[in-house]
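Breakdown of the fold
Residue strings, one per chain:
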Amino acid sequence: MASFHHDFIRPDNAKILVAGDTTLAAIIPELDRVFGDWQAPTSPLPKKNIATVDAQKAPRVFLINRSDSPQTLILAGLLAPSTKAPNYLEINTANGAFGGSFTSRLNMNLREDKHWAYGSGSFMQDAVGQRPLLMFAPVQTDKAAESAAEVLKELQAVAGPKPLTHAEIDKIKVSRVRALPGSYETTGAVLGAISAIQLYGRPDDYVQKLKQRIEAQTDESVQGAAKEIYHPEALTWVIVGDLTKIEKPVRELNLGTLQVLDAEGKVVR
């Protein structure tokens, strides 16, 4: 069974990627059967807007009510560079140490130390253009404001007086290297890797040299990536919980300009 991925966004440079227990001689007739009479559309091709946008000039806060909720969801968002960024690996390592792993700073603080959350962290998704970097913390409602303050404190620290340590960085690098053998075990995983090479303009030997590139990251380059992506002054907060319990203490934090939204995103006050 072979897996296929096709990209006809640019008909003049269309790509069909195939992975599996097959051969070119076996695949070509199948491709001819399915795509042999395909014609490019006559209408103009749509274009995606992936222009770079500026970060927030000042932090802002959106509160959304969920009555009688015993838990409050805290989200804090920033803009991260494209997956095509030259320091993509350093950015991912920095995020792994700060919030992208179980032993990250955020989770160790809010779960293991404070016991206010079952789990907290941060994540990014790959994209050709800028991508969202989200910190999240589902916490007990009576500690919502305190938890938001801790998220902000950790952000300010990692971007300033408390950069990621060698131990924090090395743990993520070692973990990523050890995960590599299991990352390409399935046909789908191999096809995904090839697709990413095409989509993000990576060299053909990207996977073969990934171990070397992960290990070559220096503490300084990862610390620099952290300073590049973590900007407490540009946060957008979305906090969902019982506003009768959390609105006043969250307002008192002065996290930024605050608005209350309804469930459809309309401003209530």
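Everything discussed here concerns the structure shown above.
So, here is what we can say about the structure in this document. (Residues numbered from 1 in each chain as written. Predicted model: local features only at pLDDT ≥ 70, side-chain atom pairs only at ≥ 80, totals over all residues. Heavy atoms only, no water.)

**Let's talk about the sheet that holds strand 7 (residues 236–241)**
Overall, mixed pairing links the six strands, which are arranged 5-6-4-7-3-8 in an open sheet. Lying at the two open borders of the sheet, with one neighbouring strand each, are strand 5 (121–124) and strand 8 (257–261). Across the sheet, the axes of successive neighbouring strands diverge by a mean angle of 20°, strand direction being ignored. Across five bridges, the pairing between strand 3 (residues 60–65) and strand 8 is parallel. Across the sheet, the residue bridging to Leu 63 is Val 260, located in strand 8. Helix 2 (residues 88–98) contacts strand 5 and strand 6 (131–140) of the sheet and is inclined by roughly 160° relative to strand 5. (Pairing = 2+ DSSP bridges. Helix = DSSP H or I, 4+ residues; strand = E, 2+ residues; numbered from the N terminus. Axes fitted to C-alpha atoms, helices over the stretch in contact; angles between N-to-C directions. Contact = heavy atoms within 4.5 Å.)

**So, the packing of helix 3 (residues 105–113) against helix 4 (residues 144–158)**
In contact at an axis separation of 10 Å, helix 3 and helix 4 are set at 150° when each is read in the N-to-C sense. With respect to helix 4, the element helix 3 is oriented roughly antiparallel. For the crossing formed where helix 3 meets helix 4, the hand is right-handed. Across the interface between the two elements, Arg 105, Leu 106, Asn 109 and Leu 110 from helix 3 touch Ser 147, Glu 150, Val 151, Lys 153, Glu 154 and Val 158 from helix 4. Classifying every residue of the contact of helix 3 with helix 4 gives four nonpolar, two polar and four charged. (Parallel < 35°, antiparallel > 145°, perpendicular 65-115°, else oblique. Left-handed = near helix turned anticlockwise from the far one by under 90°. Nonpolar A, V, L, I, M, F, W, Y, C, P; charged D, E, K, R; others polar.)

**Some thoughts on the packing of aromatic side chains**
For the coordinates displayed, the defined rule picks out two aromatic pairs. An angle of 45° between the planes, with centres 4.6 Å apart, marks the rings of Phe 98 and Tyr 230 as tilted. Here Tyr 230 lies in the loop between helix 8 (219–229) and strand 7 and Phe 98 lies in helix 2, a separation of 132 residues in the sequence. Both residues of the pair, Phe 98 and Tyr 230, count as buried. Their ring planes at 55° and their centres at 6.0 Å tell us that Phe 123 and Phe 136 sit as a pair that is tilted. Taken together, the residues Phe 123 in strand 5 and Phe 136 in strand 6 connect sequence positions 13 residues apart. You can call Phe 136 partly exposed: its relative accessible area is 28%. The ring of Tyr 88 has Arg 202 lying over it, and the distance from NZ or CZ to the ring centre is 5.1 Å. Directly above the ring of Tyr 206 sits Arg 202, whose terminal nitrogen or CZ lies 4.4 Å from the centroid. (Phe/Tyr/Trp six-rings, centres within 6.5 Å; stacked < 30°, edge-to-face > 60°. Buried < 20%, exposed > 50% of the residue type's maximum accessible area, 1.4 Å probe, protein only. Lys NZ or Arg CZ within 6 Å of the ring centre and 35° of its normal.)

**Here's the deal with unusual backbone geometry**
A negative phi holds for most residues other than glycine; trans holds for most peptide bonds. Of note in the backbone geometry, Asp 68 takes a positive phi value of approximately 60° without being a glycine. Checked against the element boundaries, Asp 68 lands in the loop between strand 3 and strand 4 (71–80). Of note, the phi angle at Asn 254 is positive, near 55°, even though the residue is not glycine. With respect to the element layout, Asn 254 can be found in the loop between helix 9 (243–253) and strand 8.

**Observations concerning helix 4**
Taking 1.5 Å as the rise per residue, helix 4 with 15 residues should run 21 Å; its terminal C-alpha atoms sit 21 Å apart, in good agreement. In terms of burial, helix 4 is a largely internal element, 11 of the 15 residues being buried. Among all positions in helix 4, only Ala 144, Ala 145, Ser 147, Ala 148, Glu 150, Val 151, Leu 152, Glu 154, Leu 155, Ala 157 and Val 158 are buried. (Expected span 1.5 Å × (residues − 1).)

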